[in-house]
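# Descriptive analysis of the structure
As a plain string of letters, each chain reads:
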Amino acid sequence: MSFLDRIAAAVTPAASDQSRAEARRDIELLALEEPWIAPIVAQHKDIEASFAAARSAPSREGVERLATLLTGHANAEEAVLYPDIADESSKTHAGMAYEEHAMTKIQLAKLKDLPAGSEEWHEKLDHIESAVAQHIYQEEGSWMPDLARDMSPERKARLLQRYNEEYGRYDEGPKTPSDV
Ligand SMILES: [Fe+2]
Ligand SMILES: [Fe+2]
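What you see is a predicted model; the values in this text were computed from it and never measured.

Rules used in this analysis
Residues numbered from 1 in each chain as written. Chains lettered and ligands numbered in written order. Predicted model: local features only at pLDDT ≥ 70, side-chain atom pairs only at ≥ 80, totals over all residues. Helix = DSSP H or I, 4+ residues; strand = E, 2+ residues; numbered from the N terminus. Buried ≥ 20, exposed ≤ 12 C-beta atoms within 10 Å, placed from the backbone. Contact = placed C-beta atoms within 7 Å. Expected span 1.5 Å × (residues − 1). Bend = angle between axes of the 7 residues up to and from the residue. Arc of directions from axis to C-beta. Core = buried A, V, L, I, M, F, W, Y, C linked by C-beta atoms within 7 Å. pLDDT = per-residue confidence, 0-100. Axes fitted to C-alpha atoms, helices over the stretch in contact; angles between N-to-C directions. Parallel < 35°, antiparallel > 145°, perpendicular 65-115°, else oblique. Left-handed = near helix turned anticlockwise from the far one by under 90°. Nonpolar A, V, L, I, M, F, W, Y, C, P; charged D, E, K, R; others polar.

Right, let's get into the overall build of the protein chain. Secondary structure summary: the protein chain contains seven helices and zero strands in total. Per-residue burial over the protein chain gives 27% buried out of 180 residues. Here the analysis covers contacts within the protein chain between residues at least 6 apart in sequence; of these, 72% occur between residues at least 24 apart.

Here's what the structure looks like:
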């Protein structure tokens, strides 16, 4: 079983579109009371839109745009969110989260090496997208609601500030040609 298949099988069965839509609705409601959640969910939506854009117009630039968003988001979660999940909520969840990010980064690097628009490229893109969708469902449906319940308001305020700093560090870095 490949890494991504293991990810997809980690929560059985894989969430349906309806379950993911319900988790999104609920986490957006929770974000109204928990401001630290809002930028994370906004980035999830940007990532989802980037998968669709990359698929509809296959190009190296589209993959770079997707990879930049995914990597910046993943790095901020790894530096700020997941340590809090490990300390305040669940070491198991944090461990799964780090592993899933690592596997996605490996597959993203492989995607960059494939000719954009080829059959193999489309298969790889679809595979990464479904693994990322399942990962986002775990974050929005379980890991972040659990943390919202378990963590103090002071720690949440610190998380928000540090998350934005970390994401901003990547976001302000070197731009791809399409961003200039
Ligand atoms: Fe994540
Ligand atoms: Fe995320």
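A word on the environment of S130. You can see S130 is positioned in helix α6 (residues 119–150). C-alpha separation for the pair S130 and A14, spaced 116 residues apart in sequence, amounts to 9.2 Å.

A word on the environment of Q107. Structurally, Q107 is set in helix α5 (residues 91–113). In this structure the C-alpha to C-alpha distance between Q107 and L125, which are 18 residues apart in sequence, comes to 8.9 Å.

With 32 residues, α6 extends 45 Å from end C-alpha to end C-alpha; this agrees with the ideal 46 Å at 1.5 Å per step. Largest kink in α6: about 40 degrees, centred on E139.

With 19 residues, helix α7 (residues 153–171) extends 27 Å between its outermost C-alpha atoms, agreeing within 8% with the 27 Å of an ideal straight helix rising 1.5 Å per residue. Three or more residues of α7 are buried, namely L159, Y163 and Y167. Around the axis of α7, the buried residues are gathered within 45 degrees of arc, so they sit on the same side. Of the exposed residues in α7, those oriented more than 90 degrees away from the buried face are E154, A157, Q161, E165 and G168. Residues of α7 that are buried in the fold lie against α3 (38–56) and α4 (60–88).

Next up on the list: the nonpolar core. Of all hydrophobic cores here, the largest spans 32 residues; its most connected members are L66, L81, I85 and Y163. Looking at this core, the elements that each hand over two or more residues are α2 (17–31), α3, α4, α5, α6 and α7. The contact partners of L66, leaving out residues within four places of it in the chain, are S50, F51 and A54.

On average, residues of the protein chain carry a pLDDT of 92, and 88% of them reach 70 or more. Mean pLDDT in the protein chain bottoms out at helix α1 (residues 3–10), which sits at 58, and peaks at α3, which reaches 98.

Here we come to the packing of α4 against α5. Look at α4 against α5: their axes get within 10 Å of each other, and the N-to-C directions meet at 165 degrees. Considered as vectors, α4 and α5 are oriented roughly antiparallel to each other. As for how α4 packs across α5, the hand of that crossing is left-handed. Taking contact as the criterion, the partners of V63, A67, L70, A74, E78, Y82, I85 and A86 in α4 are, on α5, K91, H93, A94, A97, Y98, H101, T104, L108, L111 and K112. Its residues assigned to classes, the contact of α4 with α5 shows 12 nonpolar, three polar and three charged.

Now for the environment of D46. Relative to the helices and strands, D46 resides in helix α3. Separated by 23 residues in sequence, D46 and L69 have C-alpha atoms that sit 7.6 Å apart.

Where α4 meets α7, the axes come as close as 7 Å, and the angle between the chain directions of the two elements is 160 degrees. As the angle between them shows, α4 and α7 are arranged roughly antiparallel. Where α4 crosses over α7, the two elements pack in a sense that is right-handed. Along the contact surface, α4 presents G72, H73, N75, A76, A79, V80, L81, D84 and E88, while α7 presents R155, L159, R162, Y163, E166, Y167, Y170 and D171. Class assignment for the residues of the contact of α4 with α7 results in eight nonpolar, three polar and six charged.

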